[in-house]
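The chain contents come next:
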Amino acid sequence: TKAGNILRVEGLKVAYGGIKAVKGIDLEVNKGELVTLIGANGAGKTTTLKAITGTLPNCKVEGSLHYLGSAIKGNHSFDLVKKNLAMVPEGRGVFTRMSIHENLLMGAYIRDDKAAIAADIDKWFSVFPRLKERSAQMAGTLSGGEQQMLAMARALMSHPTLLLLDEPSMGLSPIMVEKIFEVIRNVSAQGITILLVEQNAKLALEAAHRGYVMDSGLVTMSGNAKDMLNDPKVQAAYLGEG
Ligand code: ATP
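This report concerns the structure included in the present document. Because the structure is predicted, anything quoted here is derived from the model rather than measured. (Residues numbered from 1 in each chain as written. Predicted model: local features only at pLDDT ≥ 70, side-chain atom pairs only at ≥ 80, totals over all residues. Heavy atoms only, no water.)

## Comments concerning the sheet that holds strand E8 (residues 193-198)
Argument step 1. Taken together, six strands build an open sheet; the order of strands is E6-E7-E8-E3-E9-E10 and the sheet is mixed. Each edge of the open sheet carries a strand with a single partner, namely strand E6 (85-88) and strand E10 (218-224). Averaged over all neighbouring strand pairs, the angle between strand axes comes to 15°, with direction disregarded.
Argument step 2. Across six bridges, strand E9 (residues 210-215) lies against E10 in antiparallel orientation. Each residue of the ladder has a partner; that of methionine 214, found in E10, is valine 219.
Argument step 3. Strands in contact with helix H1 (residues 45-53) are strand E3 (34-38), E6, strand E7 (162-166), E8 and E9; relative to E7, the strand with the most contacts, it is inclined by about 145°.
Argument step 4. Sheet strands touched by helix H6 (residues 144-156): E6 and E7. Its angle to E6, the strand with the most contacts, is close to 175°. (Pairing = 2+ DSSP bridges. Helix = DSSP H or I, 4+ residues; strand = E, 2+ residues; numbered from the N terminus. Axes fitted to C-alpha atoms, helices over the stretch in contact; angles between N-to-C directions. Contact = heavy atoms within 4.5 Å.)

## Quick look at the nonpolar core
Argument step 1. Counting 51 residues, the largest nonpolar core has Trp124, Phe128, Leu163, Ile184 and Ile194 as the members making the most contacts within it.
Argument step 2. Of all hydrophobic cores here, the second largest spans 27 residues; its members include Val9, Leu12, Leu49 and Ile72. (Core = buried A, V, L, I, M, F, W, Y, C linked by side-chain atoms within 4.5 Å. Buried < 20%, exposed > 50% of the residue type's maximum accessible area, 1.4 Å probe, protein only.)

## Concerning the pattern of salt bridges
Any two side chains of opposite charge can pair if their charged atoms end up close together.
Argument step 1. The final tally for this structure, using the stated rule, is 11 salt bridges.
Argument step 2. Its salt-bridge partner being lysine 45, residue glutamate 167 comes within 3.9 Å of it at the nearest N-O pair. Highlighted residues: glutamate 167 in the loop between E7 and helix H7 (174-189) and lysine 45 in helix H1, separated in sequence by 122 residues.
Argument step 3. Judged by relative accessible area, glutamate 167 falls into the buried class, the value being 6%.
Argument step 4. Under the relative-accessibility criterion, lysine 45 is labelled buried at 3%.
Argument step 5. Note that lysine 60 and glutamate 62 form a salt bridge whose closest N and O atoms lie 3.8 Å from each other. (Salt bridge = Lys/Arg side-chain N within 4 Å of Asp/Glu carboxyl O.)

## Regarding the packing of aromatic side chains
Argument step 1. The tally for this structure, following the rule as stated, stands at two aromatic pairs.
Argument step 2. Look at tryptophan 124 and phenylalanine 128: their rings are 6.5 Å apart centre to centre, the planes differ by 50°, and that puts the pair in the tilted class. Both residues of the pair, tryptophan 124 and phenylalanine 128, belong to the buried class. (Phe/Tyr/Trp six-rings, centres within 6.5 Å; stacked < 30°, edge-to-face > 60°.)

Set out below in structure tokens:
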């Protein structure tokens, strides 16, 4: 593995019974990059993320997955969290009966540096002021956008070496989508390495350094994100309304 490589996926194939969801894809994420994986509904993006994080149901996974130079295929998601690989799943998964503050503490459960944890909560509250205002509020009573922010802040509390985001804009109002992308850019600017799965191709490519397009289980295009934004094929297929 070359220096600076955080994640390398080679020849990944995933089948759910007879359904081939991912048909042999390669992708990599290097230190400090914001890489986006875009594509239509059902293209296999979420399945790819779940293969990386070891959260697929019983199904056949072929190919190789390397994180920080080590093979991780078959690793349990809990072990990956201990290796600082954090995932914010589609649908968010915050602890609804806990307050915002308690959710953030849960995000730091693999750490035992109390003072630094408190300092980090302050830091992420400054990035997510809406969360700070609602610190004692039950997470289940937050709006969809606020829950997305909380899920991201909670993942960031684990000090991720790699942050995987699955469709953070899904189901949010346009204003909230803008806010979420503002936060993603901010987190990336702090040097945190991110793999972002998104259906909002325009915003994702505008924020990212590099991109991959998935279609029917295959990577059909990849490259510099700004070049992809200007590519007529990408524009025709994925940037329609933007
Ligand atoms: P979306 O944006 O809709 O989440 P996606 O690109 O993330 O799309 P996947 O969720 O990875 O796509 O789905 C890829 C294919 O695998 C789809 O055809 C889907 O129906 C199928 N699939 C996903 N999960 C399962 C499952 N648990 N059992 C059977 N088939 C599945």
